[in-house]
Amino acid sequence: MKLPQMFPVFVLAGLIALSIAGPINLELSSEWELFKTAYNKIYANEEELLRRIIWERNLKHVQQHNIEADRGVHTFWLGMNEYADMTPEEFVRAMNGYRVNATKTFQCGKFMAPSHVELSDLPTTIDWRTEGYVTGVKNQGQCGSCWAFSTTGSLEGQHFKKNGKLVSLSEQNLVDCSQKEGNDGCQGGLMDQAFEYIIHNKGIDTEESYPYRAKNGACKFKKANIGATEVSCMDIEHGNETDLQLAVATVGPISVGIDASHVSFQLYKTGVYTESACSSVNLDHGVLVVGYGTESCQNYWLVKNSWGTSWGMQGYIMMAKDYNNMCGIATQASFPTV
C-alpha cells in the first residue's frame with residue numbers, strides 16, 4: 001500500500017521532528033515488521049523512519065487511551081489498523097472527501113416523518129444488515145470518495161427494498177461522471193449531488209461492470225449496465241436525531257455526513273464512540289447509518305464506513321446516539337427514493 005503524493009512534504013517535516021522525537025524504540029521492531037507485512041506497506045528508505053515514528057506515536061496514544069477506557073474514562077477503545085502510520089492531518093487530507101457545495105442549486109425533497117408512526121412504536125434495535133439491505137464493507141483507498149460510497153450504500157438498500165435484490169453499485173461511476181453536478185472525484189463531493197446525477201442519468205452502473213479504481217478517470221457509464229435507478233431524494237431536517245431514527249427505522253440505510261477529523265476516529269476499534277472535540281457543523285466524511293441500538297446503557301447509531309475491514313468493528317462503528325448530535329451525524333442526512 002503506497003502513501004499519498006504529498007509524501008516529500010511529510011518526510012521533510014518528519015526529518016525536522018526527529019531531533020525532537022528522539023530515537024525509535026528498538027523493542028518494537030518485530031511489531032513494526034508484522035504491521036508492514038499485514039498491510040503490505042512498502043516505503044522508500046528515507047520514508048520508513050518517518051512512518052515508524054508516526055506509527056510508534058499512534059501506538060503510544062492507543063495504549064494510553066485504552067488504559068483509560070478500561071478504567072471507564074472512555075466508552076470506546078482504539079486499535080492499530082492499516083492507517084496507523086499516518087498523521088491525523090495527512091489522513092484527513094487523503095481519506096475525508098465530504099465537501100459541501102455552497103453554490104449548489106439542486107435540492108432534495110424534505111423528509112416528512114410518517115404521521116401514523118410514533119417514536120415509541122419503533123423497534124429498540126435496528127440492523128439492516130440482517131435483513132439483506134447492506135453490501136459488504138468496501139475500501140475507498142487513498143481517494144476522497146467517501147461521498148460516493150455513502151451514496152451507493154443508501155441506494156443499494158432502497159433498490160433491495162423495492163426489488164428484493166442486493167446489487168453492489170459503482171462508486172467509480174460517480175467519481176468519474178458526476179462533475180457537472182458539483183462533485184470532484186477523489187478531491188471530494190456530496191451525496192445529494194451524487195443522487196442528482198443518478199436521477200438525471202436515469203441510473204448508475206453495477207460495481208461488477210464499472211469496478212472501483214481509487215482514482216479519477218474518464219466517464220465510462222454504459223446504459224446497458226445499470227444496476228439501480230432512483231426518482232428523487234429526501235433530506236432529513238438538519239440536526240434532528242428523532243427524524244433520523246424515524247427514517248432509519250421506516251426507510252432503511254441513510255447517508256450522513258460527519259466530522260471524522262480526529263485521531264480517535266482514525267484509530268477507532270470498538271465501543272460507543274464519543275469525541276468532545278467533534279463538530280456538529282464542520283463535516284468532512286460521508287458514511288452510512290444502517291441501524292441503531294443500545295450498548296451498556298448508551299444509545300448508538302450503527303454506521304458503515306468505507307475504509308476496509310481492518311478499521312473499526314470489521315468496518316463499522318457505533319457512534320453515540322441522542323448525544324447532542326455527536327459529530328454532526330444528523331446534520332446532513334439524506335436518502336434516495338426509488
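Residues numbered from 1 in each chain as written. Predicted model: local features only at pLDDT ≥ 70, side-chain atom pairs only at ≥ 80, totals over all residues. Heavy atoms only, no water.

Visitor: What should I look at first to understand the packing of helix α5 (residues 146–163) against helix α7 (residues 191–201) in this one?
Guide: Two packed helices can be described by the angle between their axes and the distance between those axes. As a packed pair, α5 and α7 sit with axes 9 Å apart at the nearest point and diverge in direction by 60°. One element, α5, and the other, α7, form an angle in the oblique class. The interaxial crossing formed by α5 with α7 has right-handed handedness. Contacts between α5 and α7 involve W147, S150, T151, S154 and L155 from the first element and M191, A194, F195 and I198 from the second. For the contact of α5 with α7, the per-class residue count stands at 6 nonpolar, 3 polar and no charged. (Axes fitted to C-alpha atoms, helices over the stretch in contact; angles between N-to-C directions. Helix = DSSP H or I, 4+ residues; strand = E, 2+ residues; numbered from the N terminus. Parallel < 35°, antiparallel > 145°, perpendicular 65-115°, else oblique. Left-handed = near helix turned anticlockwise from the far one by under 90°. Contact = heavy atoms within 4.5 Å. Nonpolar A, V, L, I, M, F, W, Y, C, P; charged D, E, K, R; others polar.)

Visitor: What should I look at first to understand the confidence of the model for the protein chain in this one?
Guide: Detailed reading of the predicted coordinates is not advisable wherever pLDDT falls low. Across the protein chain, the average pLDDT comes to 93, with 93% of residues at or above 70. Throughout residues 1–8 the model reports pLDDT below 50, and contacts reaching past four residues in sequence, or to other chains, amount to 22 contacts. (pLDDT = per-residue confidence, 0-100.)

Visitor: What's the story with the pattern of salt bridges in this structure? I'm lost.
Guide: Following the criterion strictly, the structure yields 11 salt bridges and no others. The residue E156 makes a salt bridge to K138 at a minimum N-O spacing of 2.9 Å. With E156 in helix α5 and K138 in the loop between β3 (126–127) and α5, this pair connects stretches of sequence that are 18 residues apart. Each member of the pair E156 and K138 is classed as buried. With a shortest N-O distance of 2.9 Å, D322 and K321 are connected by a salt bridge. Judged by relative accessible area, which is 41%, D322 ranks as partly exposed. Ionic contacts of the salt-bridge type, sharing partners, join the residues K138, E156, E171 and E207 into one network. (Salt bridge = Lys/Arg side-chain N within 4 Å of Asp/Glu carboxyl O. Buried < 20%, exposed > 50% of the residue type's maximum accessible area, 1.4 Å probe, protein only.)

Visitor: What is the right way to read the environment of F221 from this model?
Guide: The topology assignment puts F221 in the loop between β4 (204–205) and β5 (226–228). Remark: the alpha-carbon pair of F221 and Q172, spanning 49 residues in sequence, is separated by 9.4 Å. For F221, the contacting residues outside a window of four places in its chain are N173, C177, Y197, N201, G203, I204, D205, Y210 and I226.

Visitor: Which parts of the structure should I look at to understand empty space enclosed by the protein?
Guide: The method is simple in principle: a probe with the dimensions of a water molecule rolls over the atoms, and the space it marks as empty is what remains. In this structure the tally under the stated criterion is 1 cavity of 30 Å³ or more. Of the pockets and cavities examined, the largest cavity occupies roughly 90 Å³. If you trace the largest cavity, you find 15 residues lining it, with F149, S150, K304, N305 and S306 closest to the centre. Those elements that provide at least two residues to the lining of the largest cavity are α5 and β9 (285–295). Element by element, the count of residues in the lining of the largest cavity is highest for α5, at 6 residues. Among the residues forming the lining of the largest cavity, the class breakdown is 4 nonpolar, 7 polar and 4 charged. (1 Å grid on protein atoms, 1.4 Å probe; cavity = no way out; pocket = protein on both sides within 12 Å on 5 of 7 lines; lining within 4 Å. Points joined across faces, edges and corners; volume = space filled by probe spheres on them.)

Visitor: Explanation requested: the packing of helix α2 (residues 29–38) against helix α3 (residues 45–70) in the structure shown.
Guide: Running from N to C, α2 and α3 point in directions that differ by 105°, and their axes come no closer than 12 Å. The angle between α2 and α3 falls in the class roughly perpendicular. Residues S29, E31, W32, E33, F35 and K36 of α2 touch α3, and the partners they reach there are E48, R51, R52 and W55. Split into classes, the residues belonging to the contact of α2 with α3 amount to 3 nonpolar, 1 polar and 6 charged.

Visitor: I would appreciate a short explanation of the packing of aromatic side chains in the present structure.
Guide: Aromatic ring pairs: the centre-centre distance and the angle between the two ring planes describe each pair. For the coordinates displayed, the defined rule picks out 21 aromatic pairs. Judged by centre distance (6.1 Å) and plane angle (65°), the rings of Y83 and W307 are edge-to-face. Taken as a pair, Y83 in the loop between β1 (76–78) and α4 (88–95) and W307 in the loop between β10 (298–304) and β11 (316–320) lie far apart in primary sequence, 224 residues in all. The class for W307 is buried, based on a relative accessible area of 0%. Grouped by ring-pair contacts, the aromatic residues F76, Y83, F91, F265, Y268, Y273, W307 and W311 constitute a single cluster. The ring of W301 has K321 sitting right over it, with the charged end atom 5.2 Å from the ring centre. (Phe/Tyr/Trp six-rings, centres within 6.5 Å; stacked < 30°, edge-to-face > 60°. Lys NZ or Arg CZ within 6 Å of the ring centre and 35° of its normal.)

Visitor: How do you make sense of α2 when you look at a structure like this?
Guide: Given 3.6 residues to a turn, an α-helix orients residues that are three or four positions apart in the same direction. Those residues of α2 that sit buried are W32, F35 and K36. Buried residues of α2 fall within an arc of 95° about the axis and therefore sit on the same side. The exposed set on the far side of α2, more than 90 degrees from its buried face, consists of L34, T37 and A38. In this structure, the buried side of α2 is in contact with α3. Of the residues trailing α2, N40 is marked for its positive phi of about 50°. (Arc of directions from axis to C-beta.)

Visitor: Teacher, can you tell me more about the state of the cysteines here?
Guide: When the sulfur atoms of two cysteines share a covalent bond, that bond is a disulfide. Applying the stated criterion across every chain yields a total of 4 disulfides. One disulfide bridge connects C143 with C186, the sulfur atoms lying 2.0 Å from each other. With the S-S bond torsion at -95°, the cross-link from C143 to C186 turns out left-handed. A residue pair is termed long-range when its members are at least 10 positions apart, and C143 in the loop between β3 and α5 and C186 in the loop between α6 (171–177) and α7 qualify at 43 residues. (Disulfide = S-S within 2.5 Å.)

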